[in-house]
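# Commentary on secondary and tertiary structure
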Amino acid sequence: MNANILTELSRLLGADRVLTQREDLLTYAFDGTPILNEIPGCVVFPDSTEQISTILKLANEQRVPVVTRGSGTGLSGGSLPVPGCIVLCTVKMDRILNVDPANLTALVEPGVITMKLDEAAQPHGLFYPPDPGSMKISTLGGNVANNSGGLRGLKYGVTRDYVMALDVVLANGDILKTGTACVKDVAGYYLKDIFIGSEGTLGVITKILLKLVPKPKARKTMLATYSTMQAAAETVSAIIAQKIIPCTLEFLDRTTIRCVEDYAKIGLPLDVEALLLMETDGHPVVVEEEAAAMSRIAKENGAVAVTVARDNEEATRLASARRSAFSALARVAPTTILEDATVPRSHLAEMIGFIQKTAEKYKVKIGTFGHMGDGNLHPTFLTDERNTDEIHRVEQAFTEIFEKAVALGGTITGEHGVGLAKKKFLPLVTGPVGLGIHKQLKQMFDPNGILNPGKMF
Amino acid sequence: MSHSVSENFLKDLDYSVVQQCMHCGMCLPTCPTYDATKRESASPRGRIALMRAVADGKLEATKAFGDEMYFCLGCLACETACPAGVDYANLFEMARAETERVGALANPKRNLIRKFLLRWLFFSRARLRLVGRLLWIYQKLGLQTFVRKSGLMRLAPKQLRELEPLSPTVCNHFTPLGYHSEFRNPQSAIRNRRVGVLAGCVADLTFSDVNMDTIFVLEQNGCEVFVPAGQECCGSLHGHNGEWEMAKALARKNLDAFDVHVLDAIIINAAGCGSHMRHYDRLLEDDPAYLERAKLWSEKVRDISEYLVEIGFRKPAGKMNSKTRLTYHEACHLVHGQKSRSSRGHCSQRFRDMRWWNCPRQRGVVAAREFTTSPNPRWRRNCRRGKSSTSPPPGPSWWRRPTPAASSRS
Ligand SMILES: Cc1cc2nc3c(=O)[nH]c(=O)nc-3n(C[C@H](O)[C@H](O)[C@H](O)COP(=O)(O)OP(=O)(O)OC[C@H]3O[C@@H](n4cnc5c(N)ncnc54)[C@H](O)[C@@H]3O)c2cc1C
Ligand code: SF4
Ligand code: SF4
């Protein structure tokens, strides 16, 4: 990397906030995505919006690419470095600036860990609903940039539904403030929305005003087990068709159940084909009613057994076990490639069947889990990156799965973003007109293409 | 793991161990060094990436690599947190062994200290006891008090000055090696069990009272206790510091001293030692003469607190002062290294009629001790930075005790 830039960065941030040693750079060469690996030019840890503005100004003048990174748990290669880039890591900007119970908001820096915000909201009787599987370590900046979902998405929506205002540093160093603390605000285009899910390609988010929600008074968690995956999928469609919106309807298949149990040891049944983790929350009376109805619907749709979590502690244990699903699958294979196909909920059973058939057709092993209530499945290929022949079959299989999802009116990614991993497939969803607009927007915000170049499209 | 001198420890490791990490980052929030620095290279995921780079031949075990491996506290919190089942303990030992093999951190001062500690002092109980006696004299004759009061310490180098107040008090007696209990409790309903007790190295000098308590409690619970002569340090210090061959030699000595065929359990009251002892099978996997015994040994190793729960201990009959408060401190290596979690819940259940105090989140206790007492300047520097989450819980110096006290007195 150009020595002048490094000197300039060290002068601005202090030498200990600029990493250039090979042993350091190697550890930023990847995110949570399998196989992808690329060593950056340097890694910097800014502390303020102003510092980020100066860094971007410098990078823009010198045409040095900048890849923003939170905790690097992304699953589409979004924060993967490009050669010779500056990795701008936000983890040291981790202050919760305020929690405002009067307005039900919180103002945070982008490096705040998702769960820390929820913990800070709890004493006020509030909570922050988006709870991705990675919430113990993912950053809120990363959540916004990927518009992450979570286990409670069905009822509470995704990150986008909670972002009220943003401070964003643009490629030329300008600082944009967009959005307000008002519940209603129609002054001009809704610029903040463009940055939600922008994957670090349009600007660097440096402050986030988030909406908080009163904590529900009661919740009830249940486990339903099935002897076929289709039956679980049909249960989900039936619950929604009966106009019940639980907060969680999570699904695990046999392979995933085994891996999760192997790790978490919470006594999941091992002799079933599928399992649904169901949760409803809200007013105690409504919770009771809904839980009873969900249990009944599950049984009507072929559930072998429905059990209710004894207490909050057990409910939390079940949810965290579910959160470990993806990583736990790595127990059975050296490389796990997880996909994120999403379909309208009425097509869930069909999609599940298709995934099974595709796995058989290409002779690849798959473990599937996901946010079934959102129609968001994570078929995970259990493979070995050193087996090139198998990796090739895996690629063929997921191409077919994506095409099927889109044909059913779904999408290639429900929550993990496009990044590098799904870039090839984006046109399937956007069509040529949509893709053109993407490119124009990028050109307008970042004419020199320094922000996370080569990602998304 | 038979390594001749020229091989690369990480390259020789089964690749699946290196490849197991899928870099999801779920371990990061549990790691004290990541918490303090927020740098990937000081995180489990980053360290594993570096190890893999060495295994892949993309990186030499450089000084920076070695520094990172020694900055790791070996607390194994990451191993418990990892859903993917990464064998961090194994990786970490191999990474340090590789660092030592290539001499990445070698310098005359360090070499001398290591030689003195690992090869000379901790390799022989006789020498350790000799030094223990000298330290005891220093303390008993009031020399320590004199040195502290007179301000003589001000003349000592800064590192020694910082460490001196933490030097543990040497007990009056060592653990009775060669001890064999007459079975004292024939009325007990519990089946007579035969157990061997490992006295440890530092524990033998500074916590021999705890060792005595351990023996006493075991006997009170119907166990016939053996404290075989000829036993040595468990070798964890050597294993964790990259001295693989010495760790093996010590393991062999212990296997010679304890009759694993006859004993029902090998009891240890220091969690870090127990954690290492459970892996004698792996340590000696290429040694046909010892492997069979090593496997039995690994199966039979138990932490004292775990074993008491396992055999259903008898609650002490005596009366406890009503003001006494009890707690149970779960040692990092017990929870993460030995994966033994049952004792805490069990104890709080059994002693619920007493004043029980639930020890707050325990993570970072080892970390706090390492950070504040380590001669490694980076630890101390980072400690000041990462104070909030790694500072020890309040309470009179309890965190300064090594784990034996905590686990055996619970
Ligand atoms: C075990 C596991 C479970 C997961 N479960 C879920 C889940 O349930 N739901 C879900 O949606 N995702 C999930 N993910 C994916 C991932 O955790 C989320 O995408 C998360 O939001 C990424 O946050 P991060 O801080 O790690 O961001 P990174 O991975 O570091 O970055 C992600 C993207 O955001 C950009 N970015 C980061 N910070 C900023 C910023 N301040 N300004 C601009 N751009 C920025 C980066 O450039 C990159 O493109 C999971 C991942 C793992 C490993
Ligand atoms: S060690 Fe385990 S938890 Fe940590 S990054 Fe690797 S796979 Fe994930
Ligand atoms: S052993 Fe402890 S210090 Fe070392 S990487 Fe794991 S959690 Fe971090």
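Per chain, residue numbering runs from 1 following the sequence as it is written. Each chain gets a letter, beginning with A, and each ligand a number, beginning with 1, in the order they are written. Only residues with pLDDT of at least 70 get local features here, since the model is predicted, and only at 80 or more are side-chain atom pairs given and counted; chain-wide, interface and lining totals rely on the full set of residues. Working from all heavy atoms in the structure, the side-chain values ignore hydrogens and water.

This part takes up the site of ligand 3. Residues and elements named next belong to chain B. All residues adjacent to ligand 3 are Cys31, Pro32, Thr33, Pro44, Arg47, Cys72, Leu73, Gly74, Cys75, Leu76, Cys78 and Tyr88. In DSSP terms, a helix is any run of H or I states spanning at least four residues, a strand is any run of E spanning at least two, and both are numbered starting from the N terminus. Listing elements by their share of the shell around ligand 3, those giving two or more residues are helix 3 (32-37) and helix 4 (44-55). In this count, Pro and Cys sit with the nonpolar residues alongside Ala, Val, Leu, Ile, Met, Phe, Trp and Tyr, while Asp, Glu, Lys and Arg are called charged and the others, Gly among them, polar. A per-class count over the shell around ligand 3 returns nine nonpolar, two polar and one charged. Near is defined per residue: the residue qualifies when any heavy atom it owns lies within 4 Å of the molecule or strand.

Attention now goes to the domain arrangement of chain B. Residues and elements named next belong to chain B. Domain start and stop points were drawn from an automatic or database domain assignment. One can read the domain layout of chain B as domain 1 (15-102), domain 2 (114-166), domain 3 (179-311) and domain 4 (325-399). The criterion used for residue contact is that any of the two residues' heavy atoms lie within 4.5 Å. With nine residues of domain 3 at the contact, the number on the domain 4 side is 10 residues. Accessible area that two parts lose when put together, evaluated with a 1.4 Å probe and summed over both, is termed the buried area. Approximately 800 Å² of surface area, both sides summed, lies buried where domain 3 meets domain 4, with 59% of it carried by carbon and sulfur atoms. Whenever Lys or Arg places a side-chain nitrogen within 4 Å of a carboxyl oxygen from Asp or Glu, that contact is recorded as a salt bridge. Between the two partners, domain 3 and domain 4, sit zero salt bridges. A 3.5 Å cut-off defines polar contacts: any pair of N or O atoms within that distance qualifies, except that in protein one atom must be a possible hydrogen donor and the other a possible acceptor, and neighbouring residues in sequence count only when both atoms are side-chain atoms. In this assembly, domain 3 and domain 4 are joined by two residue pairs in polar contact (both at pLDDT 80 or more). At the level of elements, helix 16 (271-277) and helix 19 (304-311) are the ones that each hand at least two residues to the side of domain 3 that touches domain 4. With four residues, helix 16 is the single largest residue contributor to the side of domain 3 that touches domain 4. For the side of domain 3 that touches domain 4, a count of residues per class yields two nonpolar, four polar and three charged.

For the rest of this paragraph, the subject is the interface of chain A and chain B. In this assembly, 40 residues from chain A lie in contact with 34 residues from chain B. Summing both partners gives a buried area of about 2800 Å² for chain A against chain B, and 58% of it is carried by carbon and sulfur. The interface formed by chain A and chain B includes three salt bridges. Between Arg39 of chain B and Asp24 of chain A there is a salt bridge, with its nearest N and O atoms 3.5 Å apart.

Turning to the domain arrangement of chain A, a few remarks are in order. All names here are of chain A. For chain A, the domain assignment lists domain 1 (3-89), domain 2 (96-214), domain 3 (218-327) and domain 4 (333-447). A separation of 23 Å is found between the C-alpha centroids of domain 1 and domain 2. The interface of domain 1 with domain 2 comprises 12 residues on the first partner and 14 residues on the second. For the pair domain 1 and domain 2, the two sides together bury roughly 1200 Å², of which 61% comes from carbon and sulfur. Three residues stand out in domain 1 for area buried against domain 2, namely Thr49, Leu56 and Ser71, and they jointly supply 37% of the buried area on that side. On the surface where domain 1 and domain 2 come into contact, there are zero salt bridges. Across the domain 1-domain 2 interface, the total number found is three residue pairs in polar contact (both at pLDDT 80 or more).

In this text, buried Ala, Val, Leu, Ile, Met, Phe, Trp, Tyr and Cys residues form a nonpolar core when linked through side-chain atoms within 4.5 Å. Each residue's exposure class comes from its accessible area (1.4 Å probe, protein chains only) as a fraction of the maximum for that residue type: buried when under 20%, exposed when over 50%, partly exposed otherwise. Grouped together as the largest cluster of nonpolar side chains are 95 residues, with contacts concentrated most on Leu10, Phe65, Met277, Tyr280 and Trp297 of chain B. For Trp297 of chain B, the contacting residues outside a window of four places in its chain are Leu198, Asn254, Leu255, Phe258, Val260, Ile266, Met277 and Tyr280 of chain B. One finds Ala231, Phe402, Leu408 and Ile412 of chain A within the second-largest nonpolar core, a separate group that totals 50 residues.

Now for the sheet that holds strand 12 (residues 218-226) of chain A. Residue and element names in this part refer to chain A. Paired strands, as defined in this entry, are two strands with at least two bridges between them according to DSSP. Strand order across the open sheet formed by seven strands is 15-12-14-13-17-18-16, with antiparallel pairing between neighbours. Of all the strands in the sheet, the pair left with one neighbour each is strand 15 (303-308) and strand 16 (335-338). Averaged over neighbouring strand pairs, the angle between their axes works out to 20° when direction is ignored. Alignment of strand 16 against strand 18 (residues 376-383), held across four bridges, turns out to be antiparallel. Bridged to Leu338 within strand 18 is Thr380. Angles run from 0 to 180 degrees between N-to-C directions of axes, and those axes are lines fitted to C-alpha atoms, restricted for helices to the stretch in contact. Packed onto the sheet, helix 13 (residues 348-361) meets strand 13 (248-253), strand 17 (365-371) and strand 18 and runs at close to 10° relative to strand 18.

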